[in-house]
Structure formats: structure tokens, C-alpha cells
Amino acid sequence: NFDQQLQAAAGRVVEGGQILSVGSPWSPSGPAYERFATGFGRPTVDRVIVKAPGPAMNPVWWTPERCEAIRRSNATAYTTDVLAGFADPSASLIMQSQIKHAVRKDGPAIVPCAPSHAYVAAMDPGTRGNAWTLVVVGGWHDADGVARFEVCLVREWKGTSEWPLVPSEVLKQVASLVYPYHKLKRVFTDQHSADAIRDAGSRIGLDVLIRTVVAGNAPELAATGKPPKKGTVYRNDMFETMAGIFASEAITVPDDRTLVSDLLSIRRVNGGST
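My aim in this report is to walk through the structure given alongside it, one point at a time.

Each value, and the rule that gives it
Residues numbered from 1 in each chain as written. Predicted model: local features only at pLDDT ≥ 70, side-chain atom pairs only at ≥ 80, totals over all residues. Heavy atoms only, no water. Salt bridge = Lys/Arg side-chain N within 4 Å of Asp/Glu carboxyl O. Helix = DSSP H or I, 4+ residues; strand = E, 2+ residues; numbered from the N terminus. Buried < 20%, exposed > 50% of the residue type's maximum accessible area, 1.4 Å probe, protein only. Arc of directions from axis to C-beta. Contact = heavy atoms within 4.5 Å. Polar contact = N/O pair within 3.5 Å; in protein donor to acceptor, adjacent residues only side chain to side chain. 1 Å grid on protein atoms, 1.4 Å probe; cavity = no way out; pocket = protein on both sides within 12 Å on 5 of 7 lines; lining within 4 Å. Points joined across faces, edges and corners; volume = space filled by probe spheres on them. Nonpolar A, V, L, I, M, F, W, Y, C, P; charged D, E, K, R; others polar. Pairing = 2+ DSSP bridges. Phe/Tyr/Trp six-rings, centres within 6.5 Å; stacked < 30°, edge-to-face > 60°. Axes fitted to C-alpha atoms, helices over the stretch in contact; angles between N-to-C directions. Parallel < 35°, antiparallel > 145°, perpendicular 65-115°, else oblique. Lys, Arg positive; Asp, Glu negative; His and termini not counted.

For the structure on display, the rule yields nine salt bridges. Between Arg-71 and Glu-68 there is a salt bridge, with the nearest N and O atoms lying 2.6 Å from each other. In this pair, Arg-71 and Glu-68 both sit in helix H4 (residues 64–73), three residues apart, roughly one turn of the helix. Judged by its relative accessible area of 30%, Glu-68 falls in the partly exposed class. When salt bridges with common partners are traced through the structure, they connect Glu-68, Arg-71 and Arg-72 into a single cluster.

So, on to helix H5 (residues 75–82). For H5, every residue scored as buried is listed here: Ala-77, Thr-80 and Val-82. Mapping the buried residues of H5 onto a view down its axis gives an arc of 165°, with all of them on the same face. Looking at the packing, one finds that the buried side of H5 touches helix H3 (54–57) and H4. The residue sitting at the N-terminus of H5 and contributing the capping side-chain oxygen is Asn-74; that oxygen lies 3.3 Å from the backbone nitrogen of Thr-76. Phi turns positive one or two residues past the end of H5, at Ala-84, with a value near 60°.

Estimates place the volume of the largest pocket at around 1900 Å³. Lining the largest pocket are 42 residues; nearest its centre among them are Ala-122, Val-135, Met-238, Phe-239 and Met-242. Mapped by element, the contributors of at least two residues to the lining of the largest pocket are strand E2 (118–124), strand E3 (132–141), strand E4 (147–157), strand E5 (186–189), strand E8 (232–234), helix H10 (235–247), strand E9 (251–254) and helix H11 (257–264). At eight residues, the largest contribution of residues to the lining of the largest pocket is made by H10. Residue composition of the lining of the largest pocket, by class: 25 nonpolar, eight polar and nine charged. There is about 1400 Å³ of room inside the second largest pocket. Residue lining of the second largest pocket: 32 residues in total, with Ser-21, Val-22, Val-48, Ile-49 and Val-50 positioned closest to the centre. Going through the elements one at a time, helix H1 (2–10), helix H2 (31–39), H3 and H5 are the ones with two or more residues in the lining of the second largest pocket. Among the elements that line the lining of the second largest pocket, the one with the most residues is H2, at four residues. Of the residues in the lining of the second largest pocket, the class split is 19 nonpolar, eight polar and five charged.

By the bridge criterion, four bridges tie E5 to strand E6 (residues 207–210) in an arrangement that is parallel. Residue pairing across strands places Arg-186 opposite Asp-207, the latter belonging to E6.

What follows deals with the packing of aromatic side chains. Here the distance between the centres and the angle between the planes together describe a pair of aromatic rings. Within the structure shown, the criterion is met by four aromatic pairs. Seen from their ring centres, Tyr-33 and Phe-86 are 5.0 Å apart, and the 85° between their planes marks the pair as edge-to-face. Taken together, the positions of Tyr-33 in helix H2 and Phe-86 in the loop between H5 and helix H6 (96–102) put the pair 53 residues apart, joining distant regions of the chain. Seen from their ring centres, Tyr-119 and Tyr-181 are 4.9 Å apart, and the 50° between their planes marks the pair as tilted. With Tyr-119 in strand E2 and Tyr-181 in the loop between helix H7 (167–178) and E5, the pair connects residues that are 62 residues apart, well separated along the chain.

Here we come to the packing of H4 against H5. With their axes 6 Å apart at the nearest point, H4 and H5 run at an angle of 140° to one another. When the axes of H4 and H5 are compared, the pair comes out oblique. From H4, Cys-67, Ile-70, Arg-71 and Ser-73 reach across to H5, where they touch Ala-75, Ala-77, Tyr-78 and Val-82.

On a regular strand, each side chain points to the face opposite its neighbour's, so the side chains alternate between the two faces of the sheet. Sheet analysis places E2 next to E3, joined by seven bridges and oriented antiparallel. Across the sheet, residue Tyr-119 finds its bridge partner in E3, namely Gly-138. Where E3 and E4 come together, ten bridges link them in antiparallel fashion. Bridge assignment links Val-137 to a residue of E4, and that residue is Val-151. In sequence, E3 turns back onto E4 through a hairpin of five residues, with Gly-145 there showing a positive phi of about 80°.

With that out of the way, let us pick up the side chain of Arg-104. Tracing the backbone shows Arg-104 in strand E1 (residues 103–104). Buried and unpaired, Arg-104 has no salt bridge, with Glu-150 as the nearest side chain of opposite charge at 4.9 Å. In this view, Arg-104 contacts Ala-109, Val-111, Glu-150, Val-151, Cys-152, Thr-252, Val-253, Pro-254 and Asp-255; residues no more than four positions away in its chain are not counted.

Following this line, the structure appears as C-alpha cells:
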């Protein structure tokens, strides 16, 4: 893959030489997008990212008339070919423009506790290949009564097959991270390995609340005549709620590469989300 090729070439460049990585923008994911998202407009001695719109590269072909014609007929082609921008895949749950608007470019990575805000913490444990993630979200109502949210803190721990994470140690860090938010002592998690995680949390005074995440949504269950089980949440409902919050510009998130990449990677599949 690209990263492996780059690694192999890095030590073989003669003095004064350069590595030129040339490509075309498409979906907001992969090595090119990650480099662009983290480095464009911030050149260093090691890397300079050049954005080359169509008219700058070939003004004979990309005349103002041709650019305007494609803008009217094909918005995606206009974004990628004329503006040299990354396109939103048709299956994206959240548009990249919405995520870009939500990112706190010049704001703090960690937002401290505000007296008037309410806070909730959630985690997705993993000890080996899968990362253990934590997020703290604050919420409040503005002067017009509109609900507002901010992702105050995100954290990730990664283990390996040889050196898996120790849940009790990670939970101690989780407890110390969430406590400053109104002395928060509880965190939500899904059903996977939840009983063991909850037991380990109780030993250090952290209340781990289990929510069983299932596919589908509440209306689908209501159509069957079966009442929802207590503590059950529906994956599609959660994703659609989150998408609505981003679409209404009611949330801010830190400029965290992993978080932004995960948000961009959410796709609709057969009417649901993944």
C-alpha cells in the first residue's frame, strides 16, 4: 500500500531529492485525505501540500465557461476536477462540510467543565487489536432553547496481541478523566464483555452502565408489537440522531484525526448505517 511504499522509498532518496506524491481527490478517506486534512496550509521543512484546481493546471481546457457548465450539471465533478476538493460519497451519513464546520480548528482539544452544562461519558472497550475509546460530551440549551453539544474529550488506548491492555488500569484512567466533569463517576458501554468491565469498574468506584446496542430502529420494533427491552438502544436511531445534530450545526468536536476519520467513514448500507 501507499504507506509501505513511502516507507521503503524514504531511506533511498539522494541528498537534495524529494518524493512527489501526485493524485486526484475523491472520497474523504485514505492517505491522501489524511495528509491533506492534517497538513494543508501548514507547510513544514519535511512536507508541503499543494492543492491544484483544474483551471490552474490546465487553463486552456478549464475555461470559465466550461467550469460553469460542469458546476450546473455535475456538482461532484465540479468539486473534484475544478476545485480539487474531496467529494462526499453518496452513502456518507455525515457530509464532510458538516464535520469541517463542527471541528474546533483553533479551539482547545479538551474543553473543561462548564457549571451550566450537563455531561455524559461513553466508552467502547477493547484490549488487543481494537482500540479502547472514551468520549465525554457536554450539553446545554442556548438562549433560544436549542439543544447544543460539544465533544469535550476523546481518548484512545491501543493494545496488541502480545501486550493487551489491562482493563483495571484503563478504567482507572477513565475514572480520572471523567471525574472533573461535575464529579462524574459513571460511563456507558455496550454489551460486549460488559459484565467483567462493570465488575472491574465497581472496584474503583466507577459505575459502568450497560446499554445493549442492536440493529434496526425503534419504529421497526414497534411494528412487530414487541415492547423495547430496558437498556436497549438501536444502532440506526443513534446514527440518525447524530447525523441530525451535525446537520443542524448544533455540535463541536476537537480537531482529532482519528475522530474525524471515523466520522467520515460512516456509510449508509441498505437503509442503515455502518
